[in-house]
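An overview of the molecular structure
So you can see what is in the structure, the chains are spelled out below.
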Amino acid sequence: MGKTPQRPILLTGGGRRIGLALAHHFLAEKHDVIVSYRARYPAIDVLEEMGATCIQADFSTDEGILEFAAQVKALTPTLRAIIHNASAWQTEKAGPISGEVITEMMQVHVHAPYLINLALEPLLRGNGHAASDIIHFTDYVVERGSEKHIAYAASKAALDNMTRSFARKLAPEVKVNAIAPSLILFNELDDAAYRQRALNKSLMKTEPGEKEIIDLVDYLLTSCYVTGRSFPVDGGRHLR
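Labelled according to an unreviewed UniProt entry, the protein appears under the name Dihydromonapterin reductase, originating from Atlantibacter hermannii NBRC 105704. Recorded under Function (unreviewed entry), the UniProt text for the protein is reproduced unchanged: "Catalyzes the reduction of dihydromonapterin to tetrahydromonapterin. Also has lower activity with dihydrofolate." The UniProt entry for the protein carries the following comment under Sequence similarities (unreviewed entry): "Belongs to the short-chain dehydrogenases/reductases (SDR) family. FolM subfamily."

The helix and strand tally for the protein stands at eight helices and seven strands. A globule of 240 residues ought to have a C-alpha radius of gyration of about 18 Å, and the protein, at 18 Å, matches this closely. For the protein, the C-alpha atoms occupy an extent of roughly 60 × 40 × 40 Å along the three principal directions. Burial statistics for the protein: of 240 residues in total, 49% are counted as buried. Sequence-distant contacts, at least 24 apart, represent 72% of the contacts inside the protein between residues at least 6 apart.

Right, let's talk about the pairing of strand 2 (residues 33-37) for a bit. Among the five residues in strand 2, five count as buried, and that is most of the element. Going residue by residue along strand 2, you find V33, V35 and Y37 tucked away on one face and I34 and S36 tucked away on the opposite face as well. Where strand 1 (residues 9-12) and strand 2 come together, three bridges link them in parallel fashion. Each bridged residue has a counterpart across the sheet, and for L10 the counterpart in strand 2 is I34. You can see the chain leave strand 1, run along helix 1 (residues 17-28) and come back into strand 2, and the turn it takes is right-handed. Here strand 2 runs beside strand 3 (residues 53-56); their pairing, made up of four bridges, is parallel. Residue pairing in the sheet places S36 in a bridge with I55 of strand 3. Regarding topology, helix 2 (residues 42-50) serves as the crossover connection from strand 2 to the parallel strand 3, and that connection is right-handed.

Following the criterion strictly, the structure yields three aromatic pairs and no others. Pairing W89 with Y152 gives two aromatic rings, centres 4.5 Å apart and planes at 70 degrees, and the pair type is edge-to-face. Of the two residues, W89 is situated in the loop between strand 4 (81-84) and helix 4 (100-124) and Y152 in helix 6 (residues 150-170); the sequence distance between them amounts to 63 residues. Overall, the relative accessible area of 53% leaves W89 in the exposed class. The exposure class of Y152 is buried, given its relative accessible area of 5%.

Before going further, it helps to examine the layout of surface pockets. If you add up the space inside the second largest pocket, you get close to 210 Å³. Lining the second largest pocket are E92, K93, A94, G95, P96, I97, S98, E100, V101, I102, I150 and A151. Going through the elements one at a time, helix 4 and helix 6 are the ones with two or more residues in the lining of the second largest pocket. In terms of residues, the lining of the second largest pocket owes the most to one element, helix 4, which gives three residues. Classifying every residue of the lining of the second largest pocket by side-chain character gives seven nonpolar, two polar and three charged.

Below, the discussion takes up the nonpolar core. Residues L22, L47, I83, F137, I179 and V217 are the most contacted members of the largest nonpolar core, which totals 30 residues. Those elements that provide at least two residues to this core are strand 1, helix 1, strand 2, helix 2, strand 4, strand 5 (132-137) and helix 8 (211-222). Residue contributions to this core peak at seven residues, all from helix 1. Once residues lying within four places of it in the same chain are set aside, the contact partners of V217 are L22, F26, I83, I135, F137 and I179. In terms of nonpolar packing, the next biggest core, distinct from the first, is built from 28 residues, L10, F59, I116 and L170 among them.

Attention shifts here to helix 4. Between its first and last C-alpha atoms helix 4 spans 34 Å; for 25 residues at 1.5 Å apiece the expected length is 36 Å, and the two agree. Of all the bends found along helix 4, the most pronounced is centred on L118 and spans about 40 degrees, while P122, a proline, follows it within four residues. Positioned one or two residues after helix 4, G126 has a phi angle of 85 degrees, which is positive.

Attention now goes to the environment of R240. Secondary-structure assignment places R240 in the segment after strand 7 (230-233). Among the residues examined, R240 registers a relative accessible area of 55% and is labelled exposed. Separated by 37 residues in sequence, R240 and L203 have C-alpha atoms that sit 6.9 Å apart.

Parameters and conventions
- Residues numbered from 1 in each chain as written.
- Predicted model: local features only at pLDDT ≥ 70, side-chain atom pairs only at ≥ 80, totals over all residues.
- Heavy atoms only, no water.
- UniProt positions renumbered as here; feature names shortened; annotations may be inferred.
- Helix = DSSP H or I, 4+ residues; strand = E, 2+ residues; numbered from the N terminus.
- Rg over C-alpha atoms; globule rule 2.2 N^0.38 Å.
- Buried < 20%, exposed > 50% of the residue type's maximum accessible area, 1.4 Å probe, protein only.
- Contact = heavy atoms within 4.5 Å.
- Pairing = 2+ DSSP bridges.
- Right-handed = clockwise from strand over helix to strand, strands pointing away.
- Phe/Tyr/Trp six-rings, centres within 6.5 Å; stacked < 30°, edge-to-face > 60°.
- 1 Å grid on protein atoms, 1.4 Å probe; cavity = no way out; pocket = protein on both sides within 12 Å on 5 of 7 lines; lining within 4 Å.
- Points joined across faces, edges and corners; volume = space filled by probe spheres on them.
- Nonpolar A, V, L, I, M, F, W, Y, C, P; charged D, E, K, R; others polar.
- Core = buried A, V, L, I, M, F, W, Y, C linked by side-chain atoms within 4.5 Å.
- Expected span 1.5 Å × (residues − 1).
- Bend = angle between axes of the 7 residues up to and from the residue.

What follows is the structure, given as structure tokens:
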């Protein structure tokens, strides 16, 4: 008998940090992977050499989002999972009041997953009970808000709510969950003082690295029961 074709995992924002680590993980596990990226980092070349299909995508407009979804549908008739990792980090700007920042944040954190989920829903269905997944990456600030990143926090809170709505819509064929991280991985340019301040905000006082997220994603993909939930990965920061 021939081998059953594998359903690809779609990962948005796969060119850097956690998204890149997840892409490498799935490829190492012999999954077919489709990755979206905004800017062409050298890491994208490496992913393609490893066998990933990488698509440059512009999520700043609805037209760009739907064009990306159309490219995915042209590549495959079915998907194992959609993992929404694409993100942007904007702070409120000084000067005249404008809706520019919140429009940008809502576009990438709400419009993109909303439109992609709806457009690619047929690729997730028809594979059996709890056979497909959607995972939204939100943020620790969903619980607390942020005086310096009001629009960012609001857009991630909308995505958190959307997790439950899509879970209701797509069950029992598709499980839909969210991951809400806090400090996972420092940037290379973060200095020692900044790192210590960030570590002091959590009870566990450590930078856990990508494996903490990878292990949780693997759990969610293998579960046949968990849906409509948000999983904080914050080192106990909510208790500080």
